[in-house]
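Working through the structure, step by step
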Amino acid sequence: MKLTLKTLVAALAFASAGATVQAQTLFQNSNGPCEFEPVICASDACTSFPDALSLACRFINEDETFSGADFNGDGFADCVALRPETSSAPTPNLSVLINRAAGATACEPGPGDQFNTSLDYDLSVLDEDSGNVVAGNLDSGNADIGVASTETDELLQVLNPGAGFGPDGSILVPVGADYALAGRFQEVPNVFSGERNTALFDCNGDDALDAVVLVEDQTPEASPIASARINILRNNGSGLQNLAGAADSVPLNVFWSPAGGGEFLDNATLTIGDFDNDGDLDVAAAIDVHNDSGPTEQVVNVCLNNGSCGFTCDDPPTIDLFAAHPGDNPEPSSVEAGDFNGDNNTDLVVAMPELTLPTPAPQGLQYYFGDGTGNFPNTQFVGYPLAGVLSLDLSALSTGCYNNDNVRDVAVVSTDAESLFNNVGVFTSDGSGGLNSPIALIIGGTFADGIDTADFDQAGGDDIMVLADIPPGPDRNAVIFMNGLETVGAIAGADQTADLNQAVAVSGASCTVTPEITQPFSDPASFEVIWTVNPAAGATLSGADTLTPTFTATAPGAYTLTLSCRTRCTTIVTDTKTVTAGGIPVPTPTPTPTPVLTQGGCLADLSPTAARPSVWAWIGAGLSLGGAWLQGRRRKLKTR
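All of the points below concern the structure found in this document.

Reading guide: rules and limits
Residues numbered from 1 in each chain as written. Predicted model: local features only at pLDDT ≥ 70, side-chain atom pairs only at ≥ 80, totals over all residues. Heavy atoms only, no water. Helix = DSSP H or I, 4+ residues; strand = E, 2+ residues; numbered from the N terminus. Buried < 20%, exposed > 50% of the residue type's maximum accessible area, 1.4 Å probe, protein only. Contact = heavy atoms within 4.5 Å. Disulfide = S-S within 2.5 Å. Pairing = 2+ DSSP bridges. Axes fitted to C-alpha atoms, helices over the stretch in contact; angles between N-to-C directions.

Across its full length, the chain carries one helix and 44 strands. Residue burial in the chain is summarised as follows: out of 640 residues, 54% are buried. For the chain, contacts bridging at least 24 residues in sequence account for 60% of all contacts bridging at least 6.

Here it is as structure tokens:
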């Protein structure tokens with residue numbers, strides 16, 4: 001089909017079928033100098049080959065949320081792009097993009113210029129077969145950088161000395177950690193389009209980021225049988241250590257025959273998630289094996305974690321991708337994890353760029369919905385309508401909270417070497433178990449590869465960064481789509497008082513989204529609510545996961561209640577209030593010998609004498625008997 005403005009508009013309308021074009025307001029489309037941030041390749045022939053393929057802006061936490069890679073310690077997410085060795089760029093580079101944070105300059109239309117021009121560093125020990133770049137805190141400081149190299153069989157760690165990596169143009173000296181098992185021929189697969197075959201995650205709950213590297217194993221090198229494995233590098237708190245031994249090189253139970261069968265590993269990618277709901281992060285890997293005639297095995301296998309970085313991968317593999325598309329070529333280019341239908345179980349999504357059936361829009365995403373036990377009994381295919389209009393390949397995936405409905409969403413890079421309409425497809429949830437029609441964010445360049453997600457401006461909705469060649473060049477650019485959605489807020493309400501051992505309803509609390517979500521994503525924002533109390537001793541909170549908990553104090557004092565509001569994908573927003581329990585103690589007055597009260601009968605005269613030294617006095621609500629106070633019950637008015 002010949003691409004014209006009319007067909008492009010029609011394609012975008014089709015992509016938003018069932019809604020309105022307001023879907024595009026989820027993000028600000030690129031607007032020239034405001035969102036094109038130069039990144040590496042400034043003096044190289046970037047327009048002839050997509051040199052920078054891999055991008056990292058965040059890392060995963062134990063609860064499956066993400067934290068931004070903060071290189072300079074200002075609390076905002078920064079990013080790093082990797083350019084491995086190529087024929088046109090013989091010196092490998094890491095390019096660091098530092099977020100301008102609150103100092104982002106104004107730019108109209110759309111958001112401000114969010115990042116500084118990249119700082120480019122020489123990492124000469126890398127080679128062309130290097131894995132993807134990763135970022136996270138490896139030594140308990142600010143975020144560090146890692147990348148697996150086939151040149152040295154090491155995961156190279158560029159440790160952050162404090163607030164960054166030095167002046168532009170510096171030569172970086174990494175700290176290596178061997179990822180290949182001694183005595184075996186193991187290499188990290190090529191990264192073609194920004195897919196991920198290395199990840200940082202805490203696999204044993206010690207608050208230190210460990211690493212997993214997907215490797216191809218062919219031992220000896222001329223062996224007729226090859227296989228895929230995940231190798232685990234543990235962190236001792238000061239950085240990643242060498243592969244500990246055979247137990248940490250775990251077979252994925254996928255094998256192929258390079259010699260007799262002419263088979264080869266065409267693509268391999270992995271993701272992290274808690275697939276069996278045991279609180280430990282697991283690994284899932286998508287493996288694509290071909291021969292000259294086409295695909296021979298295409299699977300996704302899940303490797304469950306025992307909580308101590310001990311992994312067991314399913315045998316046979318968990319998901320046969322041919323099953324959803326018999327007779328076709330699913331060809332998994334990327335895999336990501338997240339709860340995409342809001343049932344609190346972690347799901348998988350696979351990008352499939354090479355399907356031929358059905359037409360005219362064969363490409364799309366295959367969702368596999370988890371049941372919380374490591375199995376994925378239900379699946380759904382969502383086609384990408386632009387695939388029927390543009391000659392594009394769906395390559396790398398990312399996930400994020402794009403429409404603030406407490407369910408994770410998906411973004412995928414759609415790339416081509418010639419068309420300027422490379423784009424990012426955004427697939428959002430509808431908040432009730434379904435999926436909205438995808439929308440397309442036009443990049444305006446070619447060779448779009450590498451994608452990541454973070455809330456760069458801390459405004460509530462996740463933003464997207466993607467690498468692409470933008471004419472006229474020669475710079476390769478990081479193209480940024482700033483999410484124009486909401487700011488999340490928390491209001492704990494006015495301070496309150498409470499009687500001891502009496503339950504009081506906590507009032508006035510709310511979680512807010514400004515402005516509220518509008519069509520076509522009309523599902524209301526939903527929040528995870530968490531209340532905590534300090535000090536914890538002497539008080540209890542019932543219903544601490546609601547906006548109206550009940551507070552009970554057994555000891556007097558001032559208690560701080562903290563309300564945390566968040567959508568599952570955004571930064572937690574908090575507010576506090578004070579609940580004073582037990583009132584203010586009544587001071588003990590100085591006794592007086594003056595008779596206070598006389599009355600006939602048994603209380604005729606209460607003046608103290610030598611035989612009767614006690615003084616009885618009613619003062620306020622307290623009764624004093626020989627200096628010992630019997631204090632009556634007092635109740636303070638509650639405020640709302």
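So, about the state of the cysteines. Scanning all chains against the criterion turns up four disulfides. The disulfide partner of cysteine 203 is cysteine 309, and the S-S distance across this bridge is 2.0 Å. Judged by the torsion about the S-S bond (90°), the cysteine 203/cysteine 309 disulfide is right-handed. Residue cysteine 203 is found in the loop between β13 (198-201) and β14 (210-217), and its partner cysteine 309 is found in the loop between β19 (294-305) and β20 (311-313); the two are separated by 106 residues along the sequence. Overall, cysteine 203 belongs to the buried group, its relative accessible area being 1%.

Right, let's get into the sheet that holds strand β40 (residues 557-566). With respect to topology, four strands assemble into an open sheet ordered β34-β41-β40-β37, the strand pairing being mixed. At either margin of the open sheet sits one strand with a lone partner, and together these are β34 (496-498) and β37 (528-534). Looking at each pair of strands side by side, their axes are set apart by 30° on average, direction ignored.

What follows is about the pairing of β19. Relative to β19, strand β18 (residues 282-291) runs antiparallel, the two being bridged by nine bridges. From the neighbouring strand, alanine 285 faces β19, where its bridge partner is asparagine 301. Here β18 folds back onto β19, and the loop between the two strands holds two residues. Relative to β20, β19 is paired through three bridges, and the arrangement is antiparallel. When the bridges of β20 are listed, cysteine 303 appears paired with cysteine 313. Linking β19 to β20, which pair antiparallel, is a turn of five residues; within it glycine 307 sits at a positive phi near 95°.

What follows is about the environment of leucine 126. In this fold, leucine 126 is placed in the loop between β7 (119-122) and β8 (133-136). What makes leucine 126 buried here is its relative accessible area of 2%. When the C-alpha atoms of leucine 126 and threonine 152 are compared, they prove to be 8.2 Å apart, with 26 residues separating the residues in sequence. Once residues lying within four places of it in the same chain are set aside, the contact partners of leucine 126 are Leu82, Glu85, Pro92, Val147, Ser149 and Leu156.

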